[in-house]
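# Fold and geometry: a report
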Amino acid sequence: MAKQYWLMKSEPDAYAWEQLVADGTGMWDGVRNHTAKLNLMAMKKGDEALFYHSNIGKECVGIMKIVEESFPDPTAEKGAPWVVVRVEPVRALKHPVTLAAIKADPKLADMDLIRQSRLSVGRVTPDEWKHILKKSEKPAG
DNA sequence: GCCAACGTTGGC
DNA sequence: GCCAACGTTGGC
């Protein structure tokens, strides 16, 4: 299957990009939403994901890759349906891509991130992915 | 099985 | 701090 792209949100207060970089690897735990869970379960090793800082920053700050496919969330109650994936940072974006910039761009205004603002793990299409990376090359965009 | 009440998330 | 979106819960 072709590589898939994702966007994963975290409040920097709880778990920031810098923390993931410092750790070298991270388990994406704590997802308690079924739509988000289905996305986690659809992830394949080698897929790439944007790290988005919600609430504080409200911007995409880095790229990570999926290094281990979904398995039961050890922080959830036994028997609960929740899962996690293991991720590793790939690189920081040269310039963060803000929510405002995404909303203002007609090519990106239809993203999961915009349409379903509370969804913490969303899909990104290859076109959206390319476009966001291009935006991240330039400041203020 | 429907729907109102309530809680949580996240943008502003 | 407020509000909209949306998920969950509980009464019926």
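The name that an unreviewed UniProt entry assigns to chain A is Ubiquinol-cytochrome C reductase, with the source organism given as Sphingopyxis macrogoltabida.

For DNA strand C, the full set of nearby residues is Asn 33, His 34, Arg 115, Gln 116 and Arg 118. Sugar plus phosphate: this is where 50% of the atoms of DNA strand C within 4 Å of the protein reside. Here Arg 118 contributes a side-chain N or O atom positioned 2.3 Å from a base oxygen of DNA strand C. Looking at the surface near DNA strand C residue by residue, the classes come out as no nonpolar, three polar and two charged.

Moving on: the pattern of salt bridges. Should the charged atoms of two oppositely charged side chains come close, the side chains can pair. Enumeration according to the criterion identifies eight salt bridges in this entry. Among the ionic pairs, Asp 110 bridges to Arg 115, the shortest N-O distance being 3.4 Å. For the pair shown, Asp 110 and Arg 115 are each scored as exposed. The residue Asp 127 makes a salt bridge to Lys 130 at a minimum N-O spacing of 3.9 Å. On the criterion of helical spacing, the pair formed by Asp 127 and Lys 130 is a turn pair, its members being three residues apart in helix α5 (residues 126–136). Each member of the pair, Asp 127 as well as Lys 130, carries the same accessibility label: exposed.

As a further point, take the protein's contact with DNA strand B. Surveying the vicinity of DNA strand B reveals the residues Lys 9, Glu 11, Tyr 52, Ser 54, Asn 55, Lys 58, Leu 99, Lys 103, Ser 117 and Arg 118. Taken together, the sugar and phosphate atoms account for 84% of what DNA strand B places within 4 Å of the protein. Within the contact set of DNA strand B, a phosphate oxygen lies 2.4 Å away from a side-chain nitrogen or oxygen of Lys 103. One of the side-chain nitrogen or oxygen atoms of Arg 118 is found 3.2 Å away from a base oxygen of DNA strand B. Looking at the surface near DNA strand B residue by residue, the classes come out as two nonpolar, three polar and five charged.

Examined against the element boundaries, Asp 110 turns out to sit in the loop between α3 (99–104) and α4 (112–115). Note on Asp 110: relative accessible area 51%, which makes it exposed. With near-sequence residues (within four places) excluded, Asp 110 lies in contact with Arg 115 and Glu 128.

This brings us to the UniProt feature "domain: EVE" (unreviewed entry) in chain A. Per the UniProt annotation, the sites labelled "domain: EVE" (unreviewed entry) are residues 4–134. A distance of 18 Å separates the end C-alpha atoms of residues 4–134, which is 27% helix and 37% strand.

To continue, consider the packing of aromatic side chains. The tally for this structure, following the rule as stated, stands at three aromatic pairs. Aromatic side chains Tyr 5 and Trp 129 sit 4.4 Å apart centroid to centroid with 25 degrees between the ring planes, which places their arrangement in the stacked category. Remark: Trp 129 occurs in helix α5 and Tyr 5 occurs in strand β1 (residues 5–10); sequence separation between them is 124 residues. Using a relative accessible area of 4% as the deciding quantity, one classes Trp 129 as buried. Arranged with centres 5.7 Å apart and planes meeting at 75 degrees, the rings of Trp 17 and Phe 51 form a pair that is edge-to-face. Of this pair, Trp 17 sits in helix α1 (residues 17–23) while Phe 51 sits in strand β3 (residues 48–53), and the two are 34 residues apart along the sequence. In this structure an aromatic cluster arises from ring pairing among Trp 17, Trp 28 and Phe 51.

Rules behind the numbers
Residues numbered from 1 in each chain as written. Chains lettered and ligands numbered in written order. Predicted model: local features only at pLDDT ≥ 70, side-chain atom pairs only at ≥ 80, totals over all residues. Heavy atoms only, no water. Near = heavy atom within 4 Å. Polar contact = N/O pair within 3.5 Å; in protein donor to acceptor, adjacent residues only side chain to side chain. Nonpolar A, V, L, I, M, F, W, Y, C, P; charged D, E, K, R; others polar. Salt bridge = Lys/Arg side-chain N within 4 Å of Asp/Glu carboxyl O. Buried < 20%, exposed > 50% of the residue type's maximum accessible area, 1.4 Å probe, protein only. Helix = DSSP H or I, 4+ residues; strand = E, 2+ residues; numbered from the N terminus. Contact = heavy atoms within 4.5 Å. UniProt positions renumbered as here; feature names shortened; annotations may be inferred. Phe/Tyr/Trp six-rings, centres within 6.5 Å; stacked < 30°, edge-to-face > 60°.

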